[in-house]
Amino acid sequence: MMKDVCKPKGHAHECDCGKECLKVEGDRAVIDLSLSPAQPMHYTTLNCVMRKAMRRGCSSIELKGVMGQRYLASTASAPDLYIAVHGTPGNDLGAFLNGPTIEVFGNAQDMTGNTMNSGRIIVHGNAWDVTGLAARGGQILVKGDTGYRVGIHMKEYGGSRPTMVIGGTAKDYLGEYMAGGTILVLGLGGGAPVGRSLGAGMHGGRIFVRGTVGLEQLGPGAAIVPLSPDDEKEVRGLLEEFENAFGAEVPGEMSEYVKVAPSSSRPFSGYYDKTNV
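Residues numbered from 1 in each chain as written. Predicted model: local features only at pLDDT ≥ 70, side-chain atom pairs only at ≥ 80, totals over all residues. Heavy atoms only, no water.

Colleague: Describe helix α2 (residues 229-246), with residues and values.
Modeller: Helix length check: α2, at 18 residues, gives a terminal C-alpha distance of 26 Å against a target of 26 Å (1.5 Å per residue), a fit within 8%. Buried within α2 we find Asp231, Glu234, Val235, Leu238, Leu239, Phe242, Ala245 and Phe246. In a view along the axis of α2, the buried residues occupy a sector of 140 degrees, so they form one face of it. Opposite the buried face of α2, by more than 90 degrees, sit the exposed residues Pro229, Asp230, Lys233 and Asn244. (Helix = DSSP H or I, 4+ residues; strand = E, 2+ residues; numbered from the N terminus. Expected span 1.5 Å × (residues − 1). Buried < 20%, exposed > 50% of the residue type's maximum accessible area, 1.4 Å probe, protein only. Arc of directions from axis to C-beta.)

Colleague: Explain helix α1 (residues 43-55) to me, and be specific about the residues and the numbers.
Modeller: Taking 1.5 Å per residue as the helical rise, α1 with its 13 residues ought to reach 18 Å, and the 18 Å between its terminal C-alpha atoms agrees with that figure. Listed in full, the buried residues belonging to α1 are Thr44, Thr45, Leu46, Asn47, Cys48, Val49, Met50, Lys52 and Ala53. Contact partners of the buried residues in α1: β1 (22-25), β2 (28-32), β3 (60-67) and β4 (82-88). (Contact = heavy atoms within 4.5 Å.)

Colleague: Explain the side chain of aspartate 92 residue by residue, including any values.
Modeller: Assignment of secondary structure puts aspartate 92 in the loop between β4 and β5 (98-105). Salt bridges are absent for the buried aspartate 92, whose nearest opposite-charge side chain, arginine 70, sits at 7.4 Å. Those residues in contact with aspartate 92 that sit more than four places away from it in its chain are Tyr71, Leu72, Ser74, Asp110, Met111 and Asn114. (Lys, Arg positive; Asp, Glu negative; His and termini not counted. Salt bridge = Lys/Arg side-chain N within 4 Å of Asp/Glu carboxyl O.)

Colleague: Mind laying out the environment of isoleucine 207, listing which residues take part and the relevant values?
Modeller: Of note, isoleucine 207 is situated in strand β10 (residues 204-210). A C-alpha to C-alpha distance of 46 Å links isoleucine 207 and proline 37, two positions 170 residues apart in sequence. Residues in contact with isoleucine 207, not counting those within four places in the same chain, are Leu174, Gly175, Met178, Ile183, Leu198, Gly199, Met202, Val258, Lys259 and Val260.

Colleague: Can you explain the packing of aromatic side chains? Please cite residues and give values.
Modeller: Two descriptors summarise a pair of aromatic rings, namely the distance from one centre to the other and the angle between the planes of the rings. Within this structure, the stated rule accounts for two aromatic pairs. Seen from the ring of tyrosine 173, arginine 149 lies directly overhead, with NZ or CZ sitting 4.1 Å from the centre. (Phe/Tyr/Trp six-rings, centres within 6.5 Å; stacked < 30°, edge-to-face > 60°. Lys NZ or Arg CZ within 6 Å of the ring centre and 35° of its normal.)

Colleague: I'd love a proper account of unusual backbone geometry, names of residues and values included.
Modeller: Negative phi is the rule for most residues except glycine; trans is the rule for most peptide bonds. The step from glutamine 39 to proline 40 runs through a cis peptide bond, and the omega angle for that step is -10 degrees. Note on placement: proline 40 falls in the loop between β2 and α1. Positioned with a positive phi, arginine 149 is a non-glycine residue whose angle comes to about 55 degrees. Position of arginine 149 among the secondary structure elements: in the loop between β7 (139-142) and β8 (163-166). The exposure class assigned to arginine 149 is partly exposed, which follows from its relative accessible area of 34%. If you check the backbone angles, serine 197 has positive phi at about 55 degrees while not being a glycine. Within the secondary structure, serine 197 is located in the loop between β9 (179-185) and β10.

Colleague: Residues and numbers for the sheet that holds β9, please.
Modeller: Hydrogen bonds along the backbone pair up the strands of a sheet, which may run parallel or antiparallel. Judged by pairing direction, the sheet is mixed, and its 12 strands sit side by side in the order β1-β2-β3-β4-β5-β6-β7-β8-β9-β10-β12-β11 without closing on themselves. Each edge of the open sheet is held by one strand with a lone partner, namely β1 and β11 (222-225). The sheet shows a mean angle of 15 degrees between the axes of neighbouring strands, taken without regard to direction. Here α1 sits on the sheet in contact with β1, β2, β3 and β4, set at roughly 170 degrees to β3. Docked against the sheet, α2 engages β6 (118-123), β7, β8, β9, β10 and β12 (257-262), running at close to 60 degrees with respect to β7. (Pairing = 2+ DSSP bridges. Axes fitted to C-alpha atoms, helices over the stretch in contact; angles between N-to-C directions.)

Colleague: If you had to explain the side chain of arginine 206 to someone new, which residues and values would you point to?
Modeller: Within the secondary structure, arginine 206 sits in strand β10. One polar contact links arginine 206 to glutamate 156, side chain to side chain, over a distance of 3.5 Å. A polar atom in the side chain of arginine 206 sits 2.9 Å from the side chain of threonine 182. (Polar contact = N/O pair within 3.5 Å; in protein donor to acceptor, adjacent residues only side chain to side chain.)

Colleague: Can you tell me about the environment of alanine 53, naming the residues and giving the values?
Modeller: With respect to the helices, strands and loops of the structure, alanine 53 is situated in helix α1. Separated by 16 residues in the primary sequence, alanine 53 and glutamine 69 have C-alpha atoms spaced 17 Å apart. Setting aside chain neighbours within four positions, we find alanine 53 in contact with Ala29, Cys58 and Ile61.

Colleague: An account of the pattern of salt bridges is needed here, citing residue identities and associated values.
Modeller: Tallying each qualifying case throughout the model produces 11 salt bridges. Taking the shortest distance from any N to any O, the salt bridge between arginine 196 and aspartate 172 comes out at 3.3 Å. With a gap of 24 residues between them, arginine 196 in the loop between β9 and β10 and aspartate 172 in the loop between β8 and β9 connect regions that are remote in the sequence. For arginine 196, a relative accessible area of 56% gives the class exposed. Overlapping salt bridges bring together Glu156, Arg161, Arg206 and Glu234 as one network.

Rendered as structure tokens:
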């Protein structure tokens, strides 16, 4: 059983949480969840062990046997920290991430990269619903598919612009209420690359889709516009990032890409009774 002092608040102490699972050699830590006497290891215990490794100055943390533990690396802020996750992390992986790189050798569950500020999250499988929720910076690369409402409320400010590349497909409401940032969908697995209500309510940012996007798929406030030379440069840069991360080759013919952008900075301005404003 976890000690009371190890339940979330502070974690500035040293404790014996997960001592059976943690091995540190130099600046590298390995946390093997299969060695935990409690199965599955509780997510608060795992996060406590990870923070312990961070406090020891580890620049590399490898997690083995992850099975749905939530909030992994949430608020982590060491820019040179690399975290390898073997297994399936739970919701809110890398929430409020501020610098580190997280690489998942498997699938990720919902809300990966929730409100992340900077850093990278690389997923060698699928990442499901609401990935990139309210991301304010950084990059998310997904080799496979994503779920519903991915990229909702993404935003950018000044020089901070979040980017997301999805190798497979995205379902309905991709980029909903998007205020900034870039989403690129490659559709490499075949089938429709995006679902319905694409960009619903978006008032900033841009979505690039490799493949066909019908007007009936667009949500309110979204429009199909031509790619500019700057757009093509950005897409090629993101393709290079994707290829380097996964060793995949992606068609780079710009005529295959569609750009979806806001039709207005205030897509719902005409829907309200001005006498009540």
